[in-house]
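# Observations on chain architecture
These are the residues of each chain, in order.
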Amino acid sequence: MSAIRAFFVFAAACSLPPIAAAIDGKQKVIINTDPGIDDSMAILLALASDELDVLGITVNLGSLHNTTVLAENALRVCELAGRTDIPVFVGSAEPLAMKFHDYGGPNFHGLDGLGNNHFPEPAGKINASMSAVEFLLSTVRAHPRQVAIISLAPVTNLALAIRMDPLFALQVKHVYMMGGTITEPGNVSPVAEANIANDAPAAKVLFNSQISVTVAGLDVTMHTHWTREYMRDLSTVNSAGHFINHIMQFYFDAYESIGFPYAPCHDPSAVMALLEPTVYEKQRYPLDVAVAQTGDAWHGMVIADRRNGPLSPTPAGFEAFPVVLTSVNQTAFMKSFRDRIARLSSPVMVVQM
Ligand SMILES: *[C@@H]1O[C@H](CO)[C@@H](O)[C@H](O)[C@H]1NC(C)=O
Ligand SMILES: *[C@@H]1O[C@H](CO)[C@@H](O)[C@H](O)[C@H]1NC(C)=O
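What counts as what
Residues numbered from 1 in each chain as written. Chains lettered and ligands numbered in written order. Predicted model: local features only at pLDDT ≥ 70, side-chain atom pairs only at ≥ 80, totals over all residues. Heavy atoms only, no water. Salt bridge = Lys/Arg side-chain N within 4 Å of Asp/Glu carboxyl O. Helix = DSSP H or I, 4+ residues; strand = E, 2+ residues; numbered from the N terminus. Buried < 20%, exposed > 50% of the residue type's maximum accessible area, 1.4 Å probe, protein only. Near = heavy atom within 4 Å. Areas by Shrake-Rupley, 256 points an atom, 1.4 Å probe, with all protein chains shown as cover. Nonpolar A, V, L, I, M, F, W, Y, C, P; charged D, E, K, R; others polar. Core = buried A, V, L, I, M, F, W, Y, C linked by side-chain atoms within 4.5 Å. Contact = heavy atoms within 4.5 Å. Pairing = 2+ DSSP bridges. Axes fitted to C-alpha atoms, helices over the stretch in contact; angles between N-to-C directions. Expected span 1.5 Å × (residues − 1). Polar contact = N/O pair within 3.5 Å; in protein donor to acceptor, adjacent residues only side chain to side chain.

### Describing the pattern of salt bridges
Within this structure, the stated rule accounts for eleven salt bridges. A salt bridge links R338 to D233, with the shortest nitrogen-to-oxygen separation between them at 2.5 Å. Of the two residues, R338 is situated in helix α14 (residues 330-342) and D233 in helix α11 (residues 228-234); the sequence distance between them amounts to 105 residues. You can call R338 partly exposed: its relative accessible area is 26%. The closest approach of N and O atoms between E276 and R340, which form a salt bridge, is 3.1 Å. Placement of E276 in the loop between α13 (268-275) and β9 (280-284) and of R340 in helix α14 is noted, with a sequence separation of 64 residues between them. Looking at E276, the relative accessible area reads 23%, which means it is partly exposed.

Written as structure tokens, this is what we have:
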């Protein structure tokens, strides 16, 4: 704990030089997120992976209502990885058409989103030159069919961008999202997962747009199990591993309190789906979302048409149905996650040890 606090104090005291800018051949990505303990792990996984060029981070409502707190967490995580060059933009704090509901987010992420550690202020500032939606629109417009979006939160910012500019949906390369469930029970209701339930109308907009989507839902995340032993080992590889193990203690405790001897791995699964597609088995299904008043049992349920026949044809204009991850090679996932995090290095990490 004190080492991590010391790190943030150190990072705040000196401004880190930006890491080398985009290198050709990398997949350009924007991460839409609400950090969030597992979001932070997913962001670190992305930053640790050479195949990706993270152009920016957009934040919207999710685990907490306060998007300033969430965006500052994104800055903290980038600073931990030595990536002060990545701009962080604040987006919508409100769902498209409903009242905000935290669905118990603070119980799993803490009131500060990072396990009630109340880390010091990040050194960097939220980029206020534009909103998250403006960043999504302008970046995708500047690189048509080249930018993939990884969404670890409700898809509110994406739905707003889709509504604002008809070209956006045609120019996004792909969306990899954590959300929903098809065959597993829900986690905020019998049938709904939190990211979708938080803003079901936004997910409906995304699934009914022409954007090609890969969905990492509870179907795979509930079968990817973090254990305390795994995290203890990860904590020895470097400062990022140490930080992950530290914030994960709150998450393990939260899951233990509802009867889980492990913690399911949600958000990093959407990043892994992009990095290591062979870790997953997949099916393509037409998807829609049930939207009811918050509190109704079916609100946020993802409806997958699994009939796979003439009654479920591809709607006109769609390249293909969304890809749904249906099973995971957990051993391969855990090895890849550890190997990648171990490659993260930052000049300040030496100081922290
Ligand atoms: C959100 O958090 C920030 C930073 O802690 C705080 O200054 C602000 O008042 C909060 N906003 C709301 C609406 O609570
Ligand atoms: C904010 O982000 C934009 C787009 O990446 C960038 O051009 C600009 O320099 C950033 N502003 C600050 C103050 O960092």
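### Quick word on the site of ligand 2
All residues adjacent to ligand 2 are P87, F89, N127, S129, M130 and F135. Considered on its own, ligand 2 offers 360 Å² of accessible surface; in the complex 34% of this is hidden by protein. Along the lines of polarity and charge, the residues of the shell around ligand 2 split into four nonpolar, two polar and no charged.

### Focus: the nonpolar core
If you look at the biggest cluster of nonpolar residues, it comprises 66 residues, and the most contacted ones within it are L44, I57, W226, M248, F333 and F337. Discounting residues that sit within four places of it in the chain, M248 has contacts with I37, M41, W226, M231 and A263. Among the nonpolar cores identified, the runner-up in size contains 38 residues, and V155, I196, V302 and A304 belong to it.

### Examining the sheet that holds strand β4 (residues 147-151)
As summarised here, the arrangement of the eight strands in space is β3-β2-β1-β4-β5-β6-β12-β9, forming an open sheet in which the pairing is mixed. In this open sheet, the two edge strands, each paired with only one partner strand, are β3 (88-90) and β9. Ignoring strand direction, the axes of neighbouring strands in this sheet form an average angle of 25°. Note that strand β1 (residues 27-33) and β4 share five bridges and pair parallel. Within β4, the residue paired with N32 across the bridge is S151.

### So, helix α3 (residues 67-80)
When the terminal C-alpha atoms of α3 are compared, their 20 Å separation across 14 residues agrees well with the 20 Å that a helix rising 1.5 Å per residue should span. In terms of burial, α3 is largely enclosed, as eleven of its 14 residues are buried. Along α3, the positions that sit buried rather than exposed are T67, L70, A71, N73, A74, L75, R76, V77, C78, E79 and L80. Where α3 begins, one side-chain oxygen reaches toward the backbone nitrogen of T68, 2.9 Å away; that side chain belongs to N66. Of the residues one or two after α3, G82 is the one with positive phi, at around 75°.

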